[in-house]
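# Secondary and tertiary structure notes
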Amino acid sequence: MPSEIAVEKKKLKNPPLELHYLGDRVLRQAAKRVAKIDDELRQVVREMLQTMYSKDGIGLAAPQVGIHKQLIVIDLEPENAANTPLVLINPTIKQVSRDISVAQEGCLSIPNVYLDVKRPEVVEIAYKDEYGRPRTLKANDLLGRCIQHEMDHLNGVVFVDRVENSLTLAQELSKNGFSYQAVKPIK
């Protein structure tokens, strides 16, 4: 169910929120459930969307901007003004497919690093929208991958933690000024 929150899809010179990058402890903290869905939270959603559009992203989790709430915004078509973003509050995974796919992922918190990650092909989630209405969504392809990637952030996990080729990972991180020590591999 697309969001009813509208913000202009444009790059701002000074986005309202500051991104945190790999190595920052803030990315490793688990987010807390949102207790109250109100105008203040909807304003945070607007600022997250403005920040995401300003940084050429398609997804952004609140911990990436230093907000420890289970809140995600996604827009797979940021250049399409008619496409409305998806707002996920307190998302939980109901089910994932047994089928696994490998695809390249990137992250606003690790600019210019794109690496292969294995994830379930299909994910089914339950969440609340920006007005507190309960929703469910079954997603595959890019949307399914994006949801799983952003939900990882809510648990203090960054996509590089899931990269299996440690040599390529170390090279890409080093080339882009990030430390391999910041990776916490998931076994």
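The rules behind these values
- Residues numbered from 1 in each chain as written.
- Predicted model: local features only at pLDDT ≥ 70, side-chain atom pairs only at ≥ 80, totals over all residues.
- Heavy atoms only, no water.
- UniProt positions renumbered as here; feature names shortened; annotations may be inferred.
- Helix = DSSP H or I, 4+ residues; strand = E, 2+ residues; numbered from the N terminus.
- Polar contact = N/O pair within 3.5 Å; in protein donor to acceptor, adjacent residues only side chain to side chain.
- Contact = heavy atoms within 4.5 Å.
- Buried < 20%, exposed > 50% of the residue type's maximum accessible area, 1.4 Å probe, protein only.
- Core = buried A, V, L, I, M, F, W, Y, C linked by side-chain atoms within 4.5 Å.
- Salt bridge = Lys/Arg side-chain N within 4 Å of Asp/Glu carboxyl O.

An unreviewed UniProt entry lists the chain under the name Peptide deformylase, with Nostoc flagelliforme CCNUN1 given as the organism. The Function (unreviewed entry) field of the UniProt record for the chain holds the comment "Removes the formyl group from the N-terminal Met of newly synthesized proteins. Requires at least a dipeptide for an efficient rate of reaction. N-terminal L-methionine is a prerequisite for activity but the enzyme has broad specificity at other positions." Turning to the chain, the UniProt record has this under Sequence similarities (unreviewed entry): "Belongs to the polypeptide deformylase family."

Our focus in this paragraph is the environment of R28. Its place among the elements puts R28 in the segment before helix 1 (39–54). A polar atom in the side chain of R28 sits 3.1 Å from the backbone oxygen of G156.

Below, the discussion takes up the environment of G57. Looking at the element boundaries, G57 is found in the loop between helix 1 and strand 1 (59–61). Put simply, G57 and L108 are 51 residues apart on the chain and 6.5 Å apart in space, counted from C-alpha to C-alpha. Filtering out sequence-adjacent residues up to four positions away, G57 remains in contact with M52, D75, P78 and L108.

Turning next to the UniProt feature "binding site: Fe cation" (unreviewed entry) in the chain. Per the UniProt record, "binding site: Fe cation" (unreviewed entry) is annotated on C107, H149 and H153. Of the residues just listed, which span 47 residues, no C-alpha pair is farther apart than 10.4 Å, and they cluster in one region. Note that C107 resides in strand 4 (residues 100–107). Setting aside chain neighbours within four positions, we find C107 in contact with Q64, V113, H149, H153 and F159. Structurally, H153 is set in helix 2 (residues 141–154). Take H153: its relative accessible area is 1%, and that puts it in the buried class. Residues contacting H153, with those up to four places away along its chain left out, are Q29, A61, P63, Q64, C107 and V158.

Further remarks concern the nonpolar core. Counting residues in each nonpolar core, the largest one holds 21 residues, and the members touching the most others are M48, L49, L60, L71 and V73. Counting residues per element, this core draws most heavily on helix 1, which supplies seven residues. Setting aside anything within four residues of it in sequence, one finds V73 in contact with V45, M48, L49, M52, I58, G59, L60, L86 and V87.

Okay, the pattern of salt bridges next. Counted under the stated rule, the structure contains 14 salt bridges. A salt bridge links D161 to R28; the nearest nitrogen and oxygen atoms lie 2.5 Å apart. Here the residue D161 occupies a position in the loop between helix 2 and helix 3 (166–175), and R28 occupies one in the segment before helix 1, the gap between them amounting to 133 residues. Residue D161 is classed as buried on the basis of its relative accessible area of 2%. The salt bridge partner of E164 is K118, with a shortest N-O separation of 3.5 Å. Highlighted residues: E164 in the loop between helix 2 and helix 3 and K118 in strand 5 (residues 110–120), separated in sequence by 46 residues. Taking relative accessible area as the criterion, E164 reaches 58% and is therefore assigned exposed. You can call K118 partly exposed: its relative accessible area is 46%. Each of E105, R119, R145, D152 and R162 takes part in salt bridges that share partners, so that together they form one network.

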